Amino acid sequence: QVQLVESGGGVVQAGGSLRLSCAASGRSISDYTMGWFRQAPGKEREFVATISWAGGLTYYPDSVKGRFTISRDNGKNTVYLQMSVLKPEDSAVYYCAADFRSRRAPITTTMTGYTDWGQGTQVTVSS
């Protein structure tokens with residue numbers, strides 16, 4: 001059974017940086033698209049970043065483009081989200097997700113495109 005465990009969340013001042021990690025166990029992520037989503041209180045879960053199985057293709061929404069960077073280390077079975085120039089509106093629970101539907105599939109930005117999810121890690125940005 002696959003497990004995705006996020007870490008690295010915390011409280012940071014506006015303008016600061018955080019690096020989130022998502023460690024997978026029980027299954028290799030090497031051939032699969034991975035993504036990050038977030039959910040703020042009272043809001044729907046939203047797409048933050050995705051990365052292709054080999055790491056060569058990434059995609060971000062305009063709200064985080066240029067500030068967030070997704071990366072992966074398939075040897076460590078881990079995906080990362082480097083967040084910089086953080087804003088109070090970035091405060092949310094951040095979730096890691098894996099698309100295990102098929103090997104080497106295209107990247108996807110929708111929640112329904114992912115089959116497995118972590119429990120989330122809280123990020124709070126103070127103004």
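Everything below is about the structure printed above this text.
Residues numbered from 1 in each chain as written. Predicted model: local features only at pLDDT ≥ 70, side-chain atom pairs only at ≥ 80, totals over all residues. Heavy atoms only, no water.

Chemist: Got a minute to help me understand the side chain of Glu 6 in this structure?
Modeler: Secondary-structure assignment places Glu 6 in strand β1 (residues 3-7). No salt bridge is formed by the buried Glu 6, whose closest oppositely charged neighbour, Arg 45, lies at an N-O distance of 7.4 Å. Filtering out sequence-adjacent residues up to four positions away, Glu 6 remains in contact with Ser 21, Cys 22, Trp 36, Tyr 94, Tyr 95, Cys 96, Gly 118, Gln 119, Gly 120 and Thr 121. (Helix = DSSP H or I, 4+ residues; strand = E, 2+ residues; numbered from the N terminus. Buried < 20%, exposed > 50% of the residue type's maximum accessible area, 1.4 Å probe, protein only. Lys, Arg positive; Asp, Glu negative; His and termini not counted. Salt bridge = Lys/Arg side-chain N within 4 Å of Asp/Glu carboxyl O. Contact = heavy atoms within 4.5 Å.)

Chemist: I keep staring at the state of the cysteines and nothing clicks. Help me out?
Modeler: Disulfides are covalent bonds that connect the sulfur atoms of two cysteines. Tallied over the entire structure, the rule returns one disulfide. Disulfide partner of Cys 22: Cys 96, at an S-S distance of 2.1 Å. Across the S-S bond of Cys 22 and Cys 96 the torsion is about -75 degrees, and the bridge reads as left-handed. Here Cys 96 lies in strand β9 (residues 92-99) and Cys 22 lies in strand β3 (residues 18-25), a separation of 74 residues in the sequence. For Cys 22, a relative accessible area of 1% puts it in the buried group. (Disulfide = S-S within 2.5 Å.)

Chemist: Even after reading the chapter, I still don't get the pairing of strand β7 (residues 68-73), so can you show me in this structure?
Modeler: As a general feature of sheets, a regular strand has side chains that alternate between the two faces. Residues Phe 68, Ile 70 and Arg 72 point to one face of β7 and are all buried, whereas Thr 69, Ser 71 and Asp 73, pointing to the other face, are not buried. The pairing of β7 with strand β8 (residues 78-83) spans six bridges and is classified as antiparallel. Residue pairing for β8: Ser 71 is matched across the bridge by Tyr 80. In sequence, β7 turns back onto β8 through a hairpin of four residues, with Asn 77 there showing a positive phi of about 55 degrees. (Pairing = 2+ DSSP bridges.)

Chemist: It is not clear to me how the pattern of salt bridges should be interpreted in this structure. Could you clarify?
Modeler: According to the stated counting rule, one finds seven salt bridges in the structure shown. Between Arg 38 and Asp 90 there is a salt bridge, with the nearest N and O atoms lying 2.9 Å from each other. Of the two residues, Arg 38 sits in strand β4 (residues 33-39) while Asp 90 sits in the loop between β8 and β9, which places them 52 residues apart along the sequence. Taking relative accessible area as the criterion, Asp 90 reaches 1% and is therefore assigned buried. Its salt-bridge partner being Asp 62, residue Lys 65 comes within 3.3 Å of it at the nearest N-O pair.

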